[in-house]
Structure formats: C-alpha cells, structure tokens
Amino acid sequence: MANITAPNILHYSNHRRILCSFNSTTPFSSSLHSDKSPLLSLSSSLSSRCFRVTRVSTAPIEYVSPAPDSNFHEELSRLKTLRLKLAGCGALKGKHSVIDTDSRVKSFFDRRKVWLSRVLGWLDLEADCYQVYLLKCLIAAGQEHVISVGFVESEVEASTRSSVRSALYALVEMIEYWDVSGGGDDGLGKGIHALNDEEIGDLNQLFNTLSEIEDFYDCIGGIIGYQIMVLELLSQSTSERQTTNWSHHITKSKECQFLEIHAPNVLDLSRNTEYASQAAMWGIEGLPDLGEIYPLGGAADRLGLVDPDTGECLPAAMLPYCGRTLLEGLIRDLQAREFLYYKIYGKQCITPVAIMTSSAKNNHEHVTSLCKRLAWFGRGRSSFQFFEQPLVPAVSAEDGQWLVARPFSPVCKPGGHGVIWKLAYDKGIYQWFYDHGRKGATVRQVSNVVAATDLTLLALAGIGLRHGKKLGFASCKRNPGATEGINVLVEKKNLDGKWGYGLSCVEYTEFDKFGITSGPCSSIGLQANFPANTNILYVDLPSAELVGSSNDKKSLPGMVLNIKKPVVYLDHFGECHSVQGGRLECTMQNIADEFLNTYSSRCYKDVEDKLDTFIVYNERRKVTSSSKRKRKHTDKSLHQTPDGSLLDIMRNTYDLLSHCDIRLPKIEGNDKYVDSGPPYLILLHPALGPIWEVTRQKFNGGSISKGSELQIEVAEFLWRNVQLDGSLIIIAENVLGSPRIDPSGDPIVQYGHRCGRCKMQNVKVLNEGIDWSSGENIFWKHDVRRFEAFKVILHGNAEFEANDVILQV
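Residues numbered from 1 in each chain as written. Predicted model: local features only at pLDDT ≥ 70, side-chain atom pairs only at ≥ 80, totals over all residues. Heavy atoms only, no water.

Peer 1: For this particular structure, what's the right way to read the pairing of strand β14 (residues 440-443)?
Peer 2: Consecutive residues of a regular strand have side chains that alternate between opposite faces of the sheet. Burial of the side chains of β14 extends over both faces: Gly440 and Thr442 are buried on one face and Ala441 and Val443 on the other. In terms of strand pairing, strand β4 (residues 290-295) meets β14 through 4 bridges, oriented parallel. Within β14, the position partnered with isoleucine 293 by the bridge is valine 443. Of the pairings in the sheet, the one linking β14 to strand β18 (residues 532-540) comprises 4 bridges and is antiparallel in character. Residue pairing in the sheet places threonine 442 in a bridge with tyrosine 538 of β18. (Buried < 20%, exposed > 50% of the residue type's maximum accessible area, 1.4 Å probe, protein only. Helix = DSSP H or I, 4+ residues; strand = E, 2+ residues; numbered from the N terminus. Pairing = 2+ DSSP bridges.)

Here it is as structure tokens:
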C-alpha cells in the first residue's frame, strides 16, 4: 500500500454567499478566510466559484396566519384543545372520559349504539378497552369514514359532496347495516349482518395501525397530534399558494426573529487530495468505533419492482443489480472497508449494522429472509439489528381526510426516513450500538450504488470521529431539476437575541417556502449555487439519541406533507385510484437543525470552523447515483434509473483504470447510450480497494477493448500488462477469507484466511465475449448473453497465475 502522508494545511478561498433572508438588517460578510482551524483548514470552499449575492424578501417580521377556509381553523382549534386535555390524563379510563366529551365522538356513538355493542361483542372487547379508545381517537380526528363509509345519504348531501370524498365513500361497504338480530332500538340496527373473518381481520389490522400511530407519535399527541400536524401543513401549503411573502413560514412558530440560508463552505475531497487521504485513514483507523445504519423502510413505488414469479411488489433492497440485490451491495462495500482495516492492522473488525424496515411491500420479511438465506453474509446474526417503522395514513390534499382502500383499511405508507432517530431510541438501537462499543455511525440509503466509491465515506466518518462532530453530510454538485434537496448554512437570530449557526438541508419539496426557485442559475434561481443533499451522513450516536429521546416534535425532524404527487392505490375491487395527496413525512438529515451552535453575537467569517456539523464534497458520480425509478421504454432520460447509475459506475471505473496506464474507451454522455448498452462492462469487487490509491497498486498497463467484459471477484489480485478483447471473469469462492463456525453456530468469514488469489502478467485474453446485439441483455442486472468467455473459478484457497500467454477460446 502506498504511503499516506499528512495533509498540507488548506485555506478558505474568498467567495460570496447566497442569501435568502428574513428581515435582513445587516449584510452578511461576502468573504471568509481562515488559517487557524485544524478542521476547516479542511474547509476549502467550492473554491473556484464566484457566487452573486441574492436576497429574497426583507419584509418586517410579523406573525402571518394561514389563509385556508375557516373549517381548518375550527378543526385545528377543536383538536388542539382535545390534545391538551388528553395530555393531562394518565390512565386509560381518564382518556376515555375526556374523549367522550368531544362533539364528534358524542355525535357518532349517540347514533350508533347498537353498531358499537355488536362490534364489541364480535371482537370480544370491553367498551372501555384500549382498542375502543383508538376508535374514538380516529373519530375525533375527523376520520369516521374509515369505519362508516357508505351511509345512506340524501340526494342533496350526495350532490354537494366533493368528488374525492364521493369516491372514498363508494369504496367501502356499509357497516351499520350488518344483520345479527334484524333490528335495533336506535333505528340503525336493522339489516346489520355479522362481520366475516376477512372483515374482522381488517378491523384488527386497523387497530394495530392506530396503535402504532398512537404510540410512535406520542411526542406530538398520537393520532390527534398526527392529524393536527397534517392540517397545519395543509394550511401552510394553502397559504404558500396565496402569498409570496414567505417570511411567515418561520416566524409563525415564533421560534426566531431572523433567518437566512447561505451557500455553505465545504471540504472538496477532489481538490484537497492530501487531506482527503488523511481523513480516509482516520476513517479506517476509527472503524472499530463505527456502526452502520440503513434506512430501508421506504415503499420505492417509482421503482415498480415486481417478483417475476409471484407478481408480488418488492422493496428497493431486493432490486437485482449487477448480479446481486442492492442490500448485498451495501454489505459488500462495508466488508471491503473492514478487509482494508484487516490488511493494515492485522485485526478483524465486524461492524454492527442496524436496518430500519417497514411492512410496506413485505419489506421487513423480504429483508430478513434475504439475510437468513445468505447466512448473514458471513457476519453472524448478532451483528444485525432490525427495527420496523410504522406505516402512516395517506391524506387527501383537498381536506386532510384519510384515503381508504376498503372498509377499515386506510391507505398507509412509510412515514419517511426521518422517523429513524426516534424509532432507534424506542427500539433500543442506540444502546445496542453502545454494547458493541460504537460511538458514531454512517448512514447510507440502499438505492445509491456509488456512495462507497473511493474514499468519500471513509473521509466523512474519519472527520466526524477525529473532530468530535455531531453530524456530517457527504455532498456534491446538484443536477439542475433533480428531485433532491440542498445543503445550506443556516443563520438565525433567536428570540433571546443570540445567534444560531449550523449546516442543514432544505428538501426540494420545501424550495418554494424558502424562495428558492427551479431552473437555471439566475438572480432568482438559486439551486445551482448550493450543493446537493445526498442522504449520506455521519452521526454521533449520543447526539442522535438525545434528539430521538426528546419526547417532543424535535424527535421527528423535518416534518413535511408532500402533496405535489398523487397517491396511487387499488381498492378492494381491484380498481386503481390516483388522488392528489400525501402523508406526514420526516427527513432524517434535518436532525441537523437540532445541532446549531449558539453565539452571543453575529458571526461574519470562519463560522463553519466552529460548528458541530460539517460537509465533505466530491465529484457527483463518487457520491450519488441512484436506482430510484424504473425506466420506461419511451424515456430518453436515464437520470435516477438503474441504466443511468450503471453508466456512472463505468465512468468511475474509467477514471480508476485510465490512471493505471490501461487504455479503454471513455464513457460519453447518457444520451449516447439511451438506445444501447454501455461500451463495456467492468465490475470490480470493492475489496480490491476500496480506496482507489490501494486499487491502483493492483493494476498497471494493458488495454480493454470496446465491447469487452471484465468481472473480478477477487481481493488478492495483480494485473500487469493485460490486453482484454472479449470476456474475462474471475470469481473466488473465498474473496475475503474462509468461514469458521462461531460459538452461536453462525459461519463467520475470517478475513485473510484461505483467500483465493489471481495474478496475470503479459497476458492477452481473446474471445467473442458478449452478444451485444441480443435483445435479452439487461446490462444493469449483469444479465447478458455471451458468445464466449474465459472464466476462472477459484475454490477454497486456490490460486491462478498466467504469465506471457494468450488465453483464447
């Protein structure tokens, strides 16, 4: 391995900041310079760029109330009063007494006494049980249609009802008219029939869903608090559409007097290579102090992944990418870092991995089954911990009503990856990490297939550990028009007169709120001046736990209601519905908002040097390239598709190997490959590095012709002057080592023990290779048809060596 030296001290480049201001009275400094800080000697700015200062809104700070119709105000007032009363109750009996006084609850049960008594009888429940309390919360929240859709209405009521609500009412069978005894003393019992097994199952599932919402969102008031937040965010959304004065979005909560966002300073790893190498070494050295967190609970609807055998919808973690699932790819990247640690320090380190799942698309079952099927990746069951996030109801953008697919079945989706911090506390994940001796963790999303390229992740974690930071972002240039957020420097003056500073994120759904417009860079188009948020994070575990355990809405950072996309679902007749709506979501990166540093006076320069948050920056294709959406046949854009991310992997491979004096075709723009595959396929096991400085020690000289295929599944490998024209596939059974059975009976891979090895010097490989004209090729899956291939399979600790030969089929 090449020597890695300490970095030269780096300096700020003077630059100007982008300002989006609330009531700005004093201009922010247009330049920063520092030669003092040991960390942001790491803070080189986006150095060569000059940013024009732009201000948005300097209106006086005043509380501006929302502008939707009065029903929102009345409903919010009623629900907030009810939440306050319920918060003062300890026992369940007291909660029943309070909620029974609610006007909606009284009205509903006064008209349906027979219905309630019979349902309780069918389910063997008492009137004062917890399930009935949940039912009352649902009704108090204004969602009685979930259980009572289909009541007979007058023609006037039907004609004045909204089309959306009409569709909802039509979805669900009438439940008041079930026939048990043929009548009822309140006139609503006639025709009531007993619930069948499926209906009882759906009702019990509704209770489970309501219980999860009540328990998890207890910090904001449970079911009632969830609906309050939905209505407040809908109210804000309506207000945004009616006014261009966006200052009220912050001041209406009366949390601060003044707020600005600025383009942040970042450490550019691609420019500051010596420091980047040093930071990566800190990351390798600190591996025994690190955990890994994977938020896998999302529904990934845009990916449209379906099991070809069963037709079942699958989560993103199961996408077959480059010959293996995306989840397997995350573990391979992690094991590559562990293998490098072993090679440097001679000790094995197994990183504990916490995985957040959900029940959406049987996510939890699929993920855990995959881990079991692959024998826990040779890491042991004890190195994994799963925690399942609750599903939350989707709501109509029109009125905040929960969408319903069939009787007792609201349409539910995962509540965003921001629930991860509170959920981790609720499920004991922080303590589990501490029991494994961990202080910090890296967070990575499964759809990003390039996040571990070269040294970005290691440098991110290394800086966080070395300098005791609370949170770090890995960032890059933002693609114009991309559906991704931006990293920002937040500056605000608090009500106590103190100033708060920190690095954070603004989601793309919130751009309008902050006056950030889409489109090309201009005086009002600010997106291009901010780096992209990629959801690659370093987090200090005690700091995250402090937020997750706060028992108020701080534990659910970045709550948003994205109603810009339709909610698509099937009803119980199999009919597809598309309704404009959304669900309450949290964004995990906005935990940064709780890590602002406070100062007695305003800071005009060098503020990033002192913060508990930081940003590392690299070339985009070394930081993010996602497989988030299924490419349509007519789609000319490969952005965020598996096809496009594969091209970025090939571009990275070109950068890696071309610096090793290996001649190969350069990858051009995506539009060149819309109707064809990439010019070649090169797939290298990450344990060949993973740092490119290490990988390049194993490759030197030769060429790879257009249309060739190279797959190397060996960590101990040497390539010297190899010329490839065709397919070369080298697969070791023991890439990193051979397994041994631990005391619990799990096979644990022992790094470096009986590894396969391969050495090739002065070799030509010639064969027909891939049939590039085959219509059956799916290159991003690495599912290709070949005419010929030269394939080496290394069993156990087998070795293959070829010198001064031509390998031709």
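Peer 1: Help me understand helix α18 (residues 541-548), please; the structure alone is not making it clear to me.
Peer 2: An α-helical turn contains 3.6 residues, so any two residues separated by three or four positions project in the same direction. Buried residues of α18: Leu541, Ser543, Ala544, Val547 and Gly548, and no others. With its buried residues spanning 160° around the axis, α18 presents them on a single face. Against the buried residues of α18 lie α15 (420-426), α16 (429-435), β14 and β18. (Arc of directions from axis to C-beta. Contact = heavy atoms within 4.5 Å.)

Peer 1: Help me out: how do you make sense of the side chain of histidine 577 in this one?
Peer 2: Examined against the element boundaries, histidine 577 turns out to sit in strand β21 (residues 576-582). Of the polar contacts made by the side chain of histidine 577, one reaches the side chain of aspartate 571; its length is 2.8 Å. (Polar contact = N/O pair within 3.5 Å; in protein donor to acceptor, adjacent residues only side chain to side chain.)

Peer 1: Help me out: how do you make sense of the sheet that holds strand β25 (residues 681-684) in this one?
Peer 2: Strand pairing in a sheet relies on backbone hydrogen bonds, with the paired strands running either antiparallel or parallel. Taken in spatial order, the 4 strands line up as β25-β27-β29-β33 in an open sheet, and their pairing is parallel. Only two strands of the sheet have a single partner each, and these edge strands are β25 and β33 (790-794). This sheet shows a mean twist of 10° between the axes of neighbouring strands, independent of strand direction. (Axes fitted to C-alpha atoms, helices over the stretch in contact; angles between N-to-C directions.)

Peer 1: Could you clarify how one ought to interpret helix α13 (residues 326-345) in this entry?
Peer 2: When the terminal C-alpha atoms of α13 are compared, their 29 Å separation across 20 residues agrees well with the 28 Å that a helix rising 1.5 Å per residue should span. Among the 20 residues of α13, 15 are classified as buried, and the element is accordingly described as predominantly covered. Downstream of α13 by a residue or two, glycine 346 has a phi angle that is positive, lying close to 70°. (Expected span 1.5 Å × (residues − 1).)

Peer 1: Looking at this structure, how should I read the packing of helix α12 (residues 273-285) against helix α17 (residues 456-466)?
Peer 2: Angle between the axes and distance between the axes are the two parameters that describe a pair of packed helices. With their axes 7 Å apart at the nearest point, α12 and α17 run at an angle of 75° to one another. Between α12 and α17, the angle falls in the class roughly perpendicular. Judged by residue contacts, Tyr275, Ala276, Ala279, Ala280, Trp282, Gly283, Ile284 and Glu285 of α12 engage Leu458, Ala459, Gly462, Ile463 and Arg466 from α17. Taken together, the residues that form the contact of α12 with α17 break down as 9 nonpolar, 2 polar and 2 charged. (Parallel < 35°, antiparallel > 145°, perpendicular 65-115°, else oblique. Nonpolar A, V, L, I, M, F, W, Y, C, P; charged D, E, K, R; others polar.)

Peer 1: Is there a simple way to explain empty space enclosed by the protein in this structure?
Peer 2: Empty space left among the atoms is revealed by rolling a probe the size of a water molecule over them. Under the counting rule described, the total for this entry stands at 6 cavities of 30 Å³ or more. Estimates place the volume of the largest cavity at around 660 Å³. Lining the largest cavity are 32 residues, and of these Asp333, Val449, Ile649, Leu684 and Pro686 lie nearest its centre. Elements supplying a minimum of two residues to the lining of the largest cavity: β6 (324-325), α13, α19 (642-658), β25 and α20 (692-695). Among the residues forming the lining of the largest cavity, the class breakdown is 17 nonpolar, 9 polar and 6 charged. Considered as a void within the structure, the second largest cavity measures approximately 60 Å³ in volume. Surrounding the second largest cavity, Gly283, Leu287, Leu290, Glu292, Leu334, Arg337, Thr442, Leu457, Leu458 and Ala461 form its lining. (1 Å grid on protein atoms, 1.4 Å probe; cavity = no way out; pocket = protein on both sides within 12 Å on 5 of 7 lines; lining within 4 Å. Points joined across faces, edges and corners; volume = space filled by probe spheres on them.)

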